[in-house]
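Understanding the architecture of this molecule
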Amino acid sequence: MYLYGMDTGQPLERELDIQRQALKSVRDRLPPQWNLSVAEQPSAGSRRIDAVVTIAAPNSPPSTVVVETKRSLVTRDLPQLVDRLRSASAELPGEDPSLMIIARYLAPPVRDWLEQQGVSYADATGNLLLRLSSPALFLRDRGADGDPWRGPGRPRGTLKGEPAARVVRALADFRAPISVPDLAARSRASTGATYRVVEFLQDEMLLERAPRAPIATARWRAILERWSQDYGFQASNTVLPVLQPRGLESLMERIRKGPTDVRYAVTGSLAAANWEPYAQPRLAMIYVDDPAEFMAKMELRPVDVGANVLLAAPGADFVFDRSARIGGVDYAAPSQVAVDLITAPGRGPSEGEALLDWMEANEDEWRT
């Protein structure tokens, strides 16, 4: 589909152009002989609506869709925006119309929130969801998962990178209320990076903070799950598959007896078993500063297939933050272990969700 502005490299600046582009994508996807008409900026009582769309199918009464168009949106904007659109639509004659939000680009969390609320959406990159009951219609299409018009500068809309990881881990491990400077100190991220992450999480409605006030609440589980979209044990670290021929029990015994001069932290299934045993661990996942030295001390050997141990040389040392020694073994903190499992192969994601369930039920045992 041709996208106005994308081929020329110029962004869609006017909301009217954004709206026309998005509704064109709806019109192009309608079944043959269906009709779409648009009334731009009609009045609804004392209110003005960005657009009222009428969709008609042969031998069926038409359906009305009330549209609100914004140049840009974040999740935090949506509840008030949708409430305002519902109030305006209530002043229109006839049956309750459907609601649609349009923007130049709608990020995945925004699209997810709208879908959960039963609100249709469209953007100028081709992301589209439209549901009508009469005439029966379901349209869905996928456009961009990143804003193609975002200019240079610090990226937003992501929790990638070391500073974001430090802040996310600290938000999970330390209870609110907590001030942003205190969060920066505890996470060991810069003050500027901490404010940027906090702002992003506010936009995603994952924490609450009044202007110039401490963070009042943080949805730590949802924050960790959101972080798992941008961080992964294997994707974010240098991982070496190795074999302990005598099995994982032998490996753990050697770790208990071994020297402590190599910094490491056991994560994954072996760590989760301390809090929420899921099944017999089949794979060891271990962060280690010096994989070669650790391999030599633990008598491990690299393999192409059949590995029962994954050694990860971390990209940054936040993975060791708030690790604890249990039974003579150093384990990563539950907040790190949970995300490592969510992003692990095999049954790892199920184990990660089980650990998160335990963490929710036992916050006093792991949060500070």
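Look up: the structure comes first, before these words.
What you see is a predicted model; the values in this text were computed from it and never measured.

With respect to the overall build of the chain
Scanning the chain from N- to C-terminus turns up 12 helices and 18 strands. Dimensions of the chain along its principal axes, counting C-alpha atoms only, are 75 × 45 × 40 Å. Put simply, the chain has 368 residues, and 49% of those count as buried. Sequence separation of at least 24 residues holds for 63% of the intrachain contacts in the chain that already meet a minimum separation of 6. When the accessible surface of the chain is totalled, it reaches about 17400 Å², and 47% of it is carbon and sulfur. For the chain, the distance from the average position of its 44 positive side-chain charges to the average position of its 48 negative side-chain charges is 2 Å.

Description of the nonpolar core
Residues Ile255 and Phe294 are the most contacted members of the largest nonpolar core, which totals 72 residues. By residue number, the principal contributor to this core is helix α4 (residues 162-173), which donates 7 residues. For Ile255, the contacting residues outside a window of four places in its chain are Tyr264, Val266, Ile286, Phe294, Met298, Gly328 and Val329.

Considerations on the pairing of strand β11 (residues 215-218)
Note: strand β10 (residues 207-209) against β11, 3 bridges, orientation antiparallel. Of the residues in β11, the one forming a bridge with Glu208 is Thr217. The loop that links β10 with its antiparallel partner β11 comprises 5 residues; one of these, Arg212, has a positive phi angle of about 60 degrees.

Some thoughts on the environment of Val82
Of note, Val82 is situated in helix α2 (residues 78-89). In contact with Val82, not counting residues within four places along its chain, are Leu99, Trp113, Leu114 and Val119.

Notes on the side chain of Glu351
Its place among the elements puts Glu351 in helix α12 (residues 348-361). Among residues more than four places away in sequence, those in contact with Glu351 are Ser269, Tyr278 and Leu341.

Observations concerning helix α6 (residues 191-203)
Over its 13 residues, α6 extends 18 Å from the first C-alpha to the last, a length consistent with the 18 Å expected when each residue adds 1.5 Å. Where α6 is concerned, the buried positions are Ala193, Thr194, Val197, Val198, Phe200, Leu201, Gln202 and Asp203.

Things to note about the packing of aromatic side chains
This structure, assessed with the given rule, holds 7 aromatic pairs. Both rings, one in Trp220 and one in Trp366, keep their centres 4.9 Å apart while their planes meet at 75 degrees; by these two values the pair is edge-to-face. With Trp220 in helix α7 (residues 220-227) and Trp366 in the segment after α12, the pair connects residues that are 146 residues apart, well separated along the chain. Residue class for Trp220 comes out buried when judged on its relative accessible area of 5%.

Reading guide: rules and limits
Residues numbered from 1 in each chain as written. Predicted model: local features only at pLDDT ≥ 70, side-chain atom pairs only at ≥ 80, totals over all residues. Heavy atoms only, no water. Helix = DSSP H or I, 4+ residues; strand = E, 2+ residues; numbered from the N terminus. Buried < 20%, exposed > 50% of the residue type's maximum accessible area, 1.4 Å probe, protein only. Contact = heavy atoms within 4.5 Å. Areas by Shrake-Rupley, 256 points an atom, 1.4 Å probe, with all protein chains shown as cover. Lys, Arg positive; Asp, Glu negative; His and termini not counted. Charge placed at Lys NZ, Arg CZ, Asp CG, Glu CD. Core = buried A, V, L, I, M, F, W, Y, C linked by side-chain atoms within 4.5 Å. Pairing = 2+ DSSP bridges. Expected span 1.5 Å × (residues − 1). Phe/Tyr/Trp six-rings, centres within 6.5 Å; stacked < 30°, edge-to-face > 60°.

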